[in-house]
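# Structural description and commentary
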Amino acid sequence: MAEETAQTFYLKDYTPFGFDVENVALTFRLAPSATRVLSKIHFAPKPDAADQRFFLHGEQLKLISAKIDGVEITPELSDAGLSCTVPNKPFVWEAEVEIDPAGNTALEGLYMSNGMYCTQCEAEGFRKITYYPDRPDVMSTFSVRIEGDEEVLLSNGNPKSQGEGWAEWHDPWPKPAYLFALVAGDLVNYPDKFTTQSGKEVELNIWVRPGDEGKCFFGMEALKQSMKWDEDVYGLEYDLDIFNIVAVDDFNMGAMENKGLNIFNSSCVLASPETSTDANFERIEAIIAHEYFHNWTGNRITCRDWFQLCLKEGLTVFRDAQFTSDMRSEPVKRIEDVIALRARQFSEDMGPLSHPVRPEEFQEINNFYTATVYEKGAEVIGMLKRLVGDADYYKALKLYFERHDGQACTIEDWLKVFEDTTDRDLSQFKRWYSQAGTPRLTMDEAYADGTYTLTFSQKTAPTPGQDQKDPRVIPIAVGLLNDNGDELLPTQVLEMTEAKQSFSFDGLSGRPTASVLREFSAPVILERESSKAERAFLLAHDTDPFNRWEAGNSLAREARIAMVTEGSAPDPAYLDALQKLLRDDSQDPAFRALVLQPPSQSDIAQALFEQGITPDPQRIYDAAETFAQTLAEQLTDSLPRLYADTTLEYGYRPDADSCGKRALNFRILSLLSRLDGGEQASRQYYAADNMTQQSAALTCLLSIDKGEKQSKAFFTQWKEDRLVMDKWFALQVACAAPDKAAGVAKDLTRHELFTLKNPNRFRAVMGALSGNHAGFHHESGAGYRLLADNLIALDRLNPQTTARMCTAFQSLKRYDAARQNQIRQELQRIAAQEGLSRDTNEMISRILEA
Ligand code: B3K
Ligand code: ZN
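As the structure is a computational prediction, the values presented were derived from the model and not from experiment.

Conventions adopted
The residue count restarts for each chain, going from 1 along the sequence in the order it is written. Working convention: letters from A go to chains and numbers from 1 go to ligands, in the order in which they are written. Totals for whole chains, interfaces and linings use all residues, but because this is a predicted model, local features are given only for residues with pLDDT of at least 70 and pairs of side-chain atoms are given and counted only at 80 or more. Only hydrogens and water are set aside; all other atoms, that is, all heavy atoms of the structure, feed into the side-chain values. For the purposes of this entry, the term helix denotes a DSSP run of H or I that reaches at least four residues, the term strand denotes a run of E that reaches at least two, and both are numbered from the N terminus. Using C-alpha atoms as the atom set, the radius of gyration is obtained and then compared with a globule rule of 2.2 Å times the number of residues to the power 0.38. Type-normalised accessible area, obtained with a 1.4 Å probe on protein chains alone, sets the label of each residue: buried when under 20%, exposed when over 50%, and partly exposed for intermediate values. Surface accessibility in these figures is a Shrake-Rupley result with a 1.4 Å probe; residues are shielded only by whichever protein chains are displayed. Think of it this way: Lys and Arg go in the positive column, Asp and Glu in the negative one, and His and the chain ends go nowhere. The atoms used to mark charge sites are NZ of Lys, CZ of Arg, CG of Asp and CD of Glu. Two strands are said to pair when DSSP picks up at least two bridges between them. Note that water is not among the atoms used; donors are N, O and S atoms within 2.8 Å of the metal (3.2 Å for Na, K and Ca), so sites may look incomplete. Note on definitions. A residue lies near a molecule or strand when any single heavy atom of the residue is within 4 Å of it. Pairing of N or O atoms within 3.5 Å defines a polar contact, subject to two protein rules: one partner must be a possible hydrogen donor and the other a possible acceptor, and residues neighboring in sequence count only if both atoms are side-chain atoms. Three residue categories are used. Nonpolar comprises Ala, Val, Leu, Ile, Met, Phe, Trp, Tyr, Cys and Pro, charged comprises Asp, Glu, Lys and Arg, and polar comprises the others, including Gly. In what follows, residue pairs with any heavy atoms lying within 4.5 Å of each other are defined as contacts. Two rings belonging to Phe, Tyr or Trp (six-membered ring only in the last case) form a pair when the distance between their centres is within 6.5 Å. Interplanar angles under 30 degrees mark stacking, angles over 60 mark edge-to-face geometry, and anything in between is tilted. In this analysis the charged atom, NZ for Lys or CZ for Arg, is taken to sit over a ring once it is within 6 Å of the ring centre and within 35 degrees of the ring normal. Boundaries between domains were set according to an automatic or database domain assignment. Note: buried area is the sum, over both parts, of the accessible area (probe 1.4 Å) each one loses when the two are combined. The term salt bridge refers to a pairing of a side-chain nitrogen on Lys or Arg with a carboxyl oxygen on Asp or Glu at a separation within 4 Å.

The next point concerns the overall build of the protein chain. Along the backbone of the protein chain there are 27 helices and 31 strands. Computed over its C-alpha atoms, the radius of gyration of the protein chain comes to 27 Å, within 12% of the 29 Å expected for a compact globule of 850 residues. A burial count over the protein chain gives 60% of its 850 residues as buried. Looking at the protein chain as shown, the accessible area adds up to about 32900 Å², and 48% of this sits on carbon and sulfur atoms. With 89 positive and 129 negative side-chain charges, the protein chain shows a spacing of 2 Å between the two charge centroids.

Before going further, it helps to examine the pairing of strand 10 (residues 109-113). Burial of strand 10 is extensive: four of the five residues sit out of reach of the surface. For strand 10 and strand 11 (residues 116-120), the ladder comprises five bridges, and the chain directions are antiparallel. Bridge pairing links Leu110 to Thr119 in strand 11. In this structure, the hairpin formed by strand 10 and strand 11 is closed by a connection of two residues, where Asn114 is found at a positive phi of approximately 50°.

Reading across from one edge, 6-5-9-3-2-12-15-14 is the order of the eight strands in this open sheet, with mixed pairing throughout. In this open sheet, the two strands that pair with only one neighbour each are strand 6 (71-72) and strand 14 (158-163). Sheet topology note: the strand 2 (residues 19-29)/strand 3 (residues 35-45) ladder contains 10 bridges and is antiparallel. Each bridged residue has a counterpart across the sheet, and for Phe28 the counterpart in strand 3 is Val37.

Right, let's get into the coordination of the zinc ion (ligand 2). Only His290 (NE2), His294 (NE2) and Glu313 (OE) from the protein reach the zinc ion (ligand 2) as donors, at distances of 1.9 to 2.1 Å. Look at where the donors of the zinc ion (ligand 2) fall in the sequence and you get H-x3-H-x18-E. Judged by relative accessible area, which is 7%, His290 ranks as buried.

The sheet built from three strands is open, its strands ordered 4-8-7 with antiparallel pairing. For this open sheet the edge positions go to strand 4 (55-57) and strand 7 (76-77), each flanked by a neighbour on one side alone.

Let us now look at the site of ligand 1. Around ligand 1 there are 14 residues in total, and Glu122, Glu257, Glu291, Asn366 and Tyr374 lie nearest to it. Here an oxygen atom of ligand 1 sits 2.8 Å away from a polar atom, N or O, in the side chain of Glu291. Measuring from an oxygen atom of ligand 1, one finds a side-chain N or O atom of His294 at 3.2 Å. Relative to its free-state accessible area of 340 Å², ligand 1 is covered by the protein chains to the extent of 94%. For the shell around ligand 1, the secondary structure elements donating two or more residues are strand 20 (255-256), helix 2 (278-293) and helix 3 (309-327). Within the shell around ligand 1, the residues separate by chemical class into five nonpolar, four polar and five charged.

So, on to the pairing of strand 17 (residues 188-195). Alignment of strand 17 against strand 18 (residues 201-208), held across eight bridges, turns out to be antiparallel. Bridge pairing links Phe194 to Val202 in strand 18. Adjacent in sequence and paired antiparallel, strand 17 and strand 18 are bridged by five residues, among which Gly199 carries a positive phi angle near 90°.

It is worth spelling out the side chain of His778 at this point. One can find His778 in the loop between helix 23 (773-776) and helix 24 (782-795). In this structure, His778 is in contact with Gln618, Pro738, Asp739 and Arg819, ignoring residues within four places of it in sequence.

Backbone torsion omega between Glu122 and Ala123 reads 0°, so that peptide bond is classified as cis. Along the polypeptide, Ala123 turns up in the loop between strand 11 and strand 12 (140-147). Of note in the backbone geometry, Glu519 takes a positive phi value of approximately 55° without being a glycine.

As a further point, take the packing of aromatic side chains. Counting across every chain of the model gives 50 aromatic pairs. Taken together, a centroid distance of 4.9 Å and an interplanar angle of 85° make the contact between Tyr393 and Tyr394 edge-to-face. Stacked on the ring of Trp432, the Lys or Arg Arg472 has its end atom at 4.7 Å from the ring centre.

This next bit is on the domain arrangement of the protein chain. Taken domain by domain, the protein chain comprises domain 1 (9-270) and domain 2 (719-850). For domain 1 and domain 2, the distance between their C-alpha centroids amounts to 32 Å. Carbon and sulfur atoms supply 34% of the area that domain 1 and domain 2 bury against each other, a total of about 1100 Å² over both sides. In this structure, the connection of domain 1 to domain 2 is made through three salt bridges. Notably, a salt bridge pairs Asp250 with Arg722, separated by 3.8 Å at the nearest N-O pair. Put simply, domain 1 and domain 2 have 12 residue pairs in polar contact (both at pLDDT 80 or more) between them. Residues of the side of domain 1 that touches domain 2, tallied by class, amount to five nonpolar, six polar and five charged.

Take a look at the structure:
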């Protein structure tokens with residue numbers, strides 16, 4: 001069992017560090033198991049400091065020597081760091097420590113991946129490299145010297161000089177330690193250049209393992225587009241002579257925005273048509289943009305403390321979503337984001353892990369890189385933009401960059417620039433940052449004598465530690481349509497501030513149909529009594545594409561729920577609407593594909609739970625199968641032609657249009673496979689010249705339990721490619737029938753290519769298992785057991801990835817008593833492990849205690 005008394009940190013306890021760090025010089029003498037890190041740091045006591053203790057964070061470091069102003073000292077050491085007495089005037093701190101990158105399986109601090117050295121310091125990894133005030137409000141310039149035999153030696157900032165076996169870097173921009181990075185390895189680069197708007201030439205590189213150079217083109221294009229976009233839209237320019245990206249195979253997350261030296265999970269940067277799917281291409285483009293955008297929103301302006309994480313993450317997610325909308329399709333991006341928000345953030349908000357966008361306490365900050373901080377954090381900015389309007393939004397942002405460049409800021413600073421720009425009082429709006437939980441918005445309509453009135457009520461259920469909820473400011477975008485589908489009233493943003501509030505529209509010639517919460521203008525659950533006919537009307541006629549999709553989505557959910565609860569047949573009216581849409585060539589293929597995408601089984605489970613019905617995962621699965629089978633049968637005559645019509649005649653291109661067409665083609669193929677026993681899918685599998693179509697065909701085949709031969713062929717073809725192999729591992733588990741999923745996953749964990757040491761591989765199998773709703777929640781409990789076994793094993797190596805994966809258990813309260821008991825038992829079994837990490841311990845306790 002982990003220590004009972006894990007320390008909790010509170011937002012209210014913030015105190016600044018008592019010393020300024022004037023500059024930092026680091027020397028690394030690289031050796032796999034015994035790297036020496038020498039630091040020389042100029043500290044100056046702050047005259048007005050409330051806290052004058054000199055404490056430096058440091059974990060898992062072997063201290064070789066420490067000096068103050070050249071005089072050797074013996075500091076007091078603990079597991080968390082070091083303290084000592086220091087002069088009451090500026091002084092020079094020097095230390096030499098030894099660390100073990102090769103033995104670092106947690107992938108935090110300095111570690112090794114395939115023989116190359118790399119770092120991950122956010123949030124608190126720098127303290128595993130040397131003794132330092134490892135907190136984001138301590139900012140300094142860094143000079144770095146790397147000594148090693150590797151061909152490429154990289155750090156932040158600009159290169160200063162280099163020779164045989166060494167290189168020196170200097171970063172002129174003050175930064176917190178979490179943005180420090182070092183890479184050393186026998187890498188090759190894919191080079192390019194970018195000229196900024198003020199005419200400065202920047203050298204760009206993507207560094208990869210030899211052999212991967214051919215997978216850098218797309219990422220490099222995305223980088224240049226991001227640099228240009230940030231200049232055009234936000235007026236923000238890059239600020240160093242060089243921008244390096246490095247691809248690393250073993251990485252706990254997607255990527256990291258270290259100043260001038262972004263480090264990427266190779267899955268989030270390497271792309272080729274043969275090995276990457278359309279979804280991979282889109283994700284790579286977005287993540288490259290996200291990390292690049294952090295250069296201003298995160299690096300030049302950073303967070304005062306980790307409670308303010310959403311300051312940089314929410315804003316940067318918002319910015320990368322704007323970028324993707326501009327590069328691709330705005331409505332498609334919005335629909336995709338809302339699907340993800342509901343699946344990840346709404347479910348987080350409804351469970352034991354619910355927390356405010358700005359949390360007020362934590363034990364392990366790595367556990368708060370959540371959908372709430374990131375995605376809801378971005379939604380909050382979207383609402384702010386809607387409320388103040390585009391012009392004032394960009395004015396406020398300009399002020400933010402002018403006022404706070406070089407600072408470590410808070411949400412208060414952020415809101416203040418909006419208040420100062422617009423003269424608005426944002427104190428009520430701030431509740432979006434402090435109150436957890438998703439508001440439920442109920443809506444009533446009334447019409448009389450040309451006046452239409454909408455009445456909304458908002459309510460947020462209690463969340464852990466927050467029983468009382470106050471009304472929030474909710475921007476509700478509304479448009480009114482007449483019976484022909486013409487707009488009577490173009491989109492208007494209603495500003496709701498009360499618990500219950502009415503809005504009236506006069507002078508109408510008849511009762512309108514309201515299109516409410518257009519573009520999903522606020523992250524709320526809208527509860528609206530509305531007939532099927534009205535939703536079918538909106539699906540066909542709404543001028544807001546998001547709400548067109550939403551109407552279809554709500555019909556789909558309702559049809560599915562009726563099948564589960566009443567054993568009804570699939571709703572004929574809805575089937576009919578789908579068929580019409582499928583054939584309607586005037587509609588964007590990507591949009592049609594999204595409407596055809598069935599609601600996830602987990603979403604249906606959540607919807608049932610909200611109606612007070614205990615969801616049965618098997619029944620939900622059966623309903624999904626029946627629905628798809630019925631739709632396929634009704635379309636029997638047209639499916640082959642639809643398939644042919646949506647098959648592209650040109651070679652692979654990852655642009656939005658082609659992706660949309662392939663997405664629709666995949667939906668059709670999956671229906672067709674139910675009728676032809678996978679014949680067409682098999683043909684597509686062997687004919688495919690790109691991964692999107694090859695894996696789509698394999699998915700269709702595995703889903704009807706017919707893909708064994710192709711799966712073997714896939715393995716033979718791709719066994720040398722790690723990233724493609726991750727797909728092979730994941731697909732088999734994701735497509736397995738409920739009673740087989742855990743067994744398939746278990747067998748795969750015994751496969752020679754399975755390893756706990758690579759987070760991508762672990763996530764491929766365990767992520768696919770927890771994502772296979774009926775398989776994971778199979779009544780045997782085998783899914784729960786297998787995940788728990790693997791979490792226990794992984795926690796000893798990599799606490800961060802283990803803790804993150806514990807979220808698979810967060811929805812336990814939805815299910816019946818037997819399943820809840822099984823989950824609790826597994827959680828208790830994990831909690832009882834000797835030496836359990838602080839990360840995992842915190843997650844399990846929060847889930848169990850709620
Ligand atoms: N800032 C990093 C995430 C760091 C996660 C630390 N556990 C990547 C990003 O959000 O861009
Ligand atoms: Zn980020």
